[in-house]
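Notes for the structure review
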Amino acid sequence: MFDHIAAYGGDPIFRLGEAFHADPRDKKVNLTVGLYYDDAGKIPLLNTIEVAEKAWADQRKPRPYLPIEGLAAYRAAVQKLVFGADSAALAEGRVATIQTLGGTGALKVGGDFLHAAYPDAEMWISDPAWDNHHAIFQGAGVPTHSYRYYDTQTQGLDFDGMLEDISQLAPHSIVLLHPCCHNPTGVDLSPEQWLKLIPVLAEKQLIAFVDMAYQGFGKGLDEDAFAIRAMVEAGLTFFVANSFSKNFSYYAERCGALSVVCSTPDEASRVLGQLKAVVRRIYSNPPLHGGEAVSGVLNSPSLFTEWVAEVTSMRERIAAMRQAAHQKLRVKAPDYDSSYFVKQQGMFCYTGLSQAQLQRLRDEFGVYIIDSGRISVPGLNTENIDYFVEAMAAVVTSSVAESA
């Protein structure tokens, strides 16, 4: 019956990670998948989550289905974290929020909802992008395209190109945006650039879909939500997908949310109902365990304060690794411009390395970087940073010499 089904080649990022683990060499560095590791190379279990999980488990409550939209306390906490406790949209009841299966689940639910609401709408995604963005929305029936974003010459943002592309889109086109820690480049818009882009979104009647997977890993929890709160102030109707996988180091529990900022409370109520209808068709109800734990942290003043400190510690370690890589490369490869390590921010660093350079790093040094040249910075630590820099220097120095 299924002779015509092609084999699945696997996700390229996870496949490369598997190749790393199969590599028998003692000296090797895994910079592939976007996971946060501490300086010992371990995925941390945050103390706040451990305390919240135990407090909930000790209550020995039954495990009924959650409401389709998720835990009320979780959803309220998400809204305050994303939009700010003093948000006018929250005070006016104009935000519809559901608990989702991670940020990826939020994107899928949003994609299905938008395809039903605007069947002819198409989506524009940054170039380069997280490949799964295209796959998710195409899977929801939404055609996807790219807008200019990364400037290979400056290793920064092509804001003029981005603005020009977006300003030419048809009304009700969907625009995927990262408010902070852009995946894969680590290149973000400045507040001033956001304030230039937002009026274009409003004037052209575009549907902004904001994907915030790394809140707190850029400049801070509130600072990283600047674009979202500026869109609220500008009166936009837009979507926000957020995830707690990274900033809670809570990947397996799939804790995320989808919020839609609407123009009126009645509109928000109807949107919430249709989001629930989409969820019912896919997975019916979100999981309880992770939702209770995250809710327990966000709704406890003492645990929330401690969690903010934990996020700050993770953010500062990532920044320290960026700084170390830059400084050490300046010594080992003085003719190579490694300033992008400190100009970009968040989990990912976009190197611009060629396929030949990436292959050499894997073959000769056991340094695994995905084919786009994106580095997952938390894979670096005080034990492997020198080896990584030596490998990078060997590869980029020979390339500079050959081009000369």
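Residues numbered from 1 in each chain as written. Predicted model: local features only at pLDDT ≥ 70, side-chain atom pairs only at ≥ 80, totals over all residues. Heavy atoms only, no water.

1. A look at the pattern of salt bridges
Spelled out, the test is: Salt bridge, as applied in this entry: a Lys or Arg side-chain nitrogen positioned within 4 Å of an Asp or Glu carboxyl oxygen. Exposure classes here rest on a 1.4 Å probe applied to the protein chains alone. A residue is buried below 20% of its type maximum, exposed above 50%, and partly exposed in between.
Under the defined criterion, the tally for this structure stands at 13 salt bridges. Residues Asp23 and Arg25 are paired through a salt bridge, measuring 2.7 Å at the closest nitrogen-oxygen approach. Relative accessible area serves as the criterion here: at 28%, Arg25 is assigned to the partly exposed category. Note that Arg362 and Asp371 form a salt bridge whose closest N and O atoms lie 2.6 Å from each other. Salt bridges sharing partners connect three or more residues here, namely Arg148, Glu164 and Asp165.

2. Examining the pairing of strand 3 (residues 123–127)
Applied cut-off: In this text, helices come from DSSP runs of H or I with a minimum length of four residues, and strands from runs of E with a minimum of two, each type numbered from the N-terminal end. DSSP bridges decide pairing: two strands pair if at least two such bridges lie between them.
The buried fraction of strand 3 is high, at four of five residues. Both strand 3 and strand 4 (residues 144–148) contribute to a ladder of five bridges, which runs parallel. Note that in strand 4 the partner of Ser126 across the bridge is Tyr147. With two bridges connecting them, strand 3 and strand 7 (residues 174–177) associate as parallel partners. Paired with Met123 across the bridge in strand 7 is Ile174.

3. Details of the sheet that holds strand 4
Selection rule: Interaxial angle, 0 to 180 degrees, is taken between N-to-C directions of lines fitted to C-alpha atoms, where a helix line uses only the stretch in contact.
Spatially, the seven strands line up as an open sheet ordered 2-10-9-8-7-3-4, and their pairing is mixed. The open sheet has two edge strands, strand 2 (95–101) and strand 4, and neither has a second partner. Averaged over all pairs of adjacent strands, the angle between strand axes in this sheet comes to 25 degrees, irrespective of strand direction.

4. As for unusual backbone geometry
Outside of glycine, negative phi angles account for most residues, and trans bonds account for most peptide bonds. With omega at 5 degrees, the peptide bond leading from Asp127 into Pro128 counts as cis. Across the junction of Asn183 and Pro184, the peptide omega takes the value 20 degrees, indicating a cis bond. With respect to the helices and strands, the residue Pro184 is situated in the loop between strand 7 and helix 8 (191–203). We note that Gln205 has phi near 55 degrees; this positive angle belongs to a residue other than glycine. Summarising the element assignment, Gln205 is placed in the loop between helix 8 and strand 8 (207–212).

5. Remarks on the layout of surface pockets
Short version of the rule: Using a 1 Å grid laid over the protein atoms alone, points where a 1.4 Å probe fits but cannot get out form a cavity; open sets with protein on both sides within 12 Å along at least 5 of 7 lines form a pocket; any residue with an atom within 4 Å of a point counts as lining. Grid points are joined across faces, edges and corners, and a volume is the space filled by probe spheres set on the points. Lys, Arg, Asp and Glu make up the charged group, whereas Ala, Val, Leu, Ile, Met, Phe, Trp, Tyr, Cys and Pro make up the nonpolar group; the residues left over, Gly among them, are polar.
Here the largest pocket is characterised by a volume of approximately 920 Å³. Taken together, 39 residues make up the lining of the largest pocket; nearest its centre are Ile13, Val33, Trp130, Asn183 and Arg374. Looking at the lining of the largest pocket, the elements that each hand over two or more residues are helix 1 (12–22), helix 5 (102–117), helix 6 (131–139), strand 8 and strand 11 (348–350). Partitioning the lining of the largest pocket into residue classes produces 20 nonpolar, 10 polar and nine charged.

6. Here's the deal with the side chain of Gln99
For clarity, the threshold we go by: Pairs of N or O atoms are called polar contacts if they sit within 3.5 Å, as long as, within protein, a hydrogen donor faces a hydrogen acceptor (for residues adjacent in sequence, only side-chain-to-side-chain pairs). The contact rule is simple, with two residues in contact once any of their heavy atoms fall within 4.5 Å.
Along the chain, the position of Gln99 falls in strand 2. For Gln99, a relative accessible area of 2% puts it in the buried group. At 3.1 Å, the side chain of Gln99 forms a polar contact with the backbone oxygen of Pro287. Among all residues touching Gln99, those that are not within four sequence positions of it are Leu66, Glu69, Gly70, Leu71, Tyr74, Arg75, Gly256, Ala257, Tyr283, Pro286, Pro287 and Gly291.

7. Remarks on helix 10 (residues 265–282)
What counts is decided by this rule: Given the number of residues in a helix, its expected span is that number minus one, multiplied by 1.5 Å. An arc is given here, and it is the one of the directions from the helix axis to the C-beta atoms.
Compared with an ideal rise of 1.5 Å per residue, which puts 18 residues at 26 Å, helix 10 spans 26 Å between its outermost C-alpha atoms and is within 8% of the ideal. Of all the positions in helix 10, only Ala268, Val271, Leu272, Leu275, Val278 and Val279 are classed as buried. Buried positions in helix 10, seen along its axis, are confined to an arc of 120 degrees and lie on one side of it. For helix 10, the exposed residues lying more than 90 degrees away from the buried face are Arg270, Arg280 and Arg281.

8. Looking at the nonpolar core
As a reminder of what qualifies: For the purposes of this section, nonpolar cores are sets of buried Ala, Val, Leu, Ile, Met, Phe, Trp, Tyr and Cys residues that join through side-chain atoms within 4.5 Å.
Counting residues in each nonpolar core, the largest one holds 102 residues, and the members touching the most others are Met162, Leu177, Leu201, Met231, Phe238, Val367 and Phe388. For Leu177, the residues in contact, after removing those within four places along its chain, are Tyr147, Met162, Trp194, Leu197, Leu201, Ala208, Phe209, Val210, Asp211 and Met231. Leu107, Ile207, Ala268 and Leu275 belong to the second-largest nonpolar core, a separate cluster that totals 30 residues.

9. Focus on the pairing of strand 10 (residues 255–261)
For a regular strand, the rule is simple: side chains alternate between the two faces of the sheet. Within strand 10, seven of the seven residues are buried, which leaves it mostly tucked inside the rest of the structure. Neither face of strand 10 is exposed, since Cys255, Ala257, Ser259 and Val261 on one face and Gly256, Leu258 and Val260 on the opposite face are all buried. Pairing analysis gives seven bridges linking strand 2 to strand 10, with the strands arranged antiparallel. The residue bridging Leu101 from the neighbouring strand is Cys255, located in strand 10.

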